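# Structural description and commentary
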Amino acid sequence: MTKQTKAQSNDYQIPNSRIRDNSSKIIFGDAHLCSQFLHGYVNIPLLKDVQPEDIEDVSKRYLHMFTEERNSDVVKKIRIKGNDTPFYLISLIEHKSQVDYNVIMQVLRYMVYIWEDYEKEQERKHKGISKTKDFKYPPVLPIVYYDGTTDWKDGIKLKNRVYLSDIFEEYIPNFKCILVQLRDYSNKEIMEKKDELSIVMMISKLQKAADFTEVSREINSEYLEDITSKSPEYLLDIMAQIVEVLLLKINVPRKEAEEFSGKVKERHMGELFANFEAYDVQETRRLAREEVREEDIISVIRIMKEVAVSKEITKQQLMKQFGLSEQEAEEKLKANW
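The following refers to the structure shown. (Residues numbered from 1 in each chain as written. Predicted model: local features only at pLDDT ≥ 70, side-chain atom pairs only at ≥ 80, totals over all residues. Heavy atoms only, no water.)

Attention shifts here to the overall build of the chain. Within the chain one finds 16 helices and five strands. The buried share of the chain, taken over its 337 residues, is 50%. Expressed as a percentage of contacts within the chain between residues at least 6 apart in sequence, the contacts between residues at least 24 apart total 68%. For the chain, the accessible area works out to roughly 17200 Å², and carbon and sulfur atoms hold 49% of it. (Helix = DSSP H or I, 4+ residues; strand = E, 2+ residues; numbered from the N terminus. Buried < 20%, exposed > 50% of the residue type's maximum accessible area, 1.4 Å probe, protein only. Contact = heavy atoms within 4.5 Å. Areas by Shrake-Rupley, 256 points an atom, 1.4 Å probe, with all protein chains shown as cover.)

So, on to the environment of T85. Structurally, T85 is set in the loop between β2 (74–78) and β3 (87–94). Taking the C-alpha atoms as reference points, T85 and Y137, separated by 52 residues in sequence, lie 8.6 Å from one another. The contact partners of T85, leaving out residues within four places of it in the chain, are R79, P138 and P139.

Time to look at unusual backbone geometry. Positive phi values are uncommon outside glycine, yet L164 reaches one of about 60°. A positive phi angle, close to 55°, is found at K194, a residue other than glycine. Examined against the element boundaries, K194 turns out to sit in the loop between α6 (187–191) and α7 (196–205). Overall, K194 belongs to the exposed group, its relative accessible area being 64%.

Below, the discussion takes up the pattern of salt bridges. Any two side chains of opposite charge can pair, on the condition that their charged atoms come close. Counted by the stated rule, this structure contains 10 salt bridges. Residue K76 is joined to D57 by a salt bridge in which the shortest nitrogen-to-oxygen separation is 2.8 Å. A residue pair is termed long-range when its members are at least 10 positions apart, and K76 in strand β2 and D57 in strand β1 (residues 55–57) qualify at 19 residues. D57 shares its class with K76; the two are buried. In this structure, the salt-bridge partner of D117 is R61, at a minimum N-O distance of 2.7 Å. Here R61 lies in the loop between β1 and β2 and D117 lies in helix α4 (residues 103–125), a separation of 56 residues in the sequence. Residue class for D117 comes out buried when judged on its relative accessible area of 15%. For R61, a relative accessible area of 34% corresponds to the partly exposed category. (Salt bridge = Lys/Arg side-chain N within 4 Å of Asp/Glu carboxyl O.)

A cluster of nonpolar side chains, namely Y163, L164, I167, F168 and Y171, defines an oily patch on the protein surface of about 630 Å² accessible area. Structurally, Y171 can be placed in the loop between α5 (165–168) and β5 (178–181). For Y171, a relative accessible area of 62% corresponds to the exposed category. (Patch = residues over 30% accessible without salt bridge, like charges linked within 9 Å, V, L, I, M, F, W, Y side chains within 5 Å.)

Buried within helix α9 (residues 221–228) are the following residues: Y223, L224, I227 and T228. End-on, the buried residues of α9 take up no more than an arc of 115°, which puts them together on one face. (Arc of directions from axis to C-beta.)

So, on to helix α15 (residues 311–322). With 12 residues, α15 should reach 16 Å at 1.5 Å per residue; the first-to-last C-alpha distance of 16 Å fits that figure. Of the residues making up α15, those classed as buried are T314, K315, Q317, L318, Q321 and F322. Burial along α15 is one-sided: seen end-on, the buried residues are contained in an arc of 160°. Taken from the residues just after α15, G323 is the one with a positive phi, measuring 70°. (Expected span 1.5 Å × (residues − 1).)

At their nearest, the axes of helix α14 (residues 294–306) and α15 sit 10 Å apart, and the two run at 145° to each other. α14 and α15 meet at a crossing whose hand is right-handed. Between α14 and α15, the contacting residues are D296, I297, V300, I301 and M304 on the first element and T314, Q317, L318, Q321 and F322 on the second. Considered class by class, the residues forming the contact of α14 with α15 number six nonpolar, three polar and one charged. (Axes fitted to C-alpha atoms, helices over the stretch in contact; angles between N-to-C directions. Left-handed = near helix turned anticlockwise from the far one by under 90°. Nonpolar A, V, L, I, M, F, W, Y, C, P; charged D, E, K, R; others polar.)

Structural measurements only, silent on function.
If you want it as structure tokens, here you go:
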């Protein structure tokens, strides 16, 4: 991986208040994983040869458009070999418990703003150029990546959001988003990609302790070992972080979570699933309340802060995992954030 690619991957640091958003933010924030996503999940031949060095994160340029509900959105500028016109990729990450069908309007706002920004940039270079017949705006590819459990049906076409669209269809600006719904892909289909992204995607699918048991039956440990043996160190760190956060979320004790995530950094990811035992959530909570130590609380706060989880979500996690009252959780955050 080039130095440029590493810089691009570390540059994307938009705050995020949702635990599950972080894995998706990482996918699109990292140029290496983003290129693998374009190759494996977007059926556009023009993008099959896009390399990490061809991807530039320009999210900060549009940061003022992001809201708390969409602060994991990213905007990429992609250079297509042999073409001087920049290609913009919008990825909108949706992780609500209920599907948001109004996402298409948010996409439209992004598209219009990108085109306006491009127009102003070109006008500064060549005044009046946007008024000429041959002036063209760059293509924008809107992608909705969704890893929720509820099926997202339709709702990715603009005309479906406009009243009487069947009558006024000719006068309504219309487009659709590419909807990549993680639940549509089996672990077998994901593993066929044979890249680091496939591992991140499978980890992102894990919602509860029982899911680990299911994955351990399906996954090929040799496959995991083969991929991670060639992975850059920083990608191993990313995967380890995702593993640790998700294990903490399903109330796996902190020491166990650290041991499991440590297997990733040591390039022994196959052992993660092979040795995982489903934990009884109620029993784990009872033991956590009985054996809670200050260092455990501080460790959880540190991990949540490192992966850009908000204070509010961290407070809820402390209350849930350690049986703290809201006031106690707030005091711990105040002292250790």
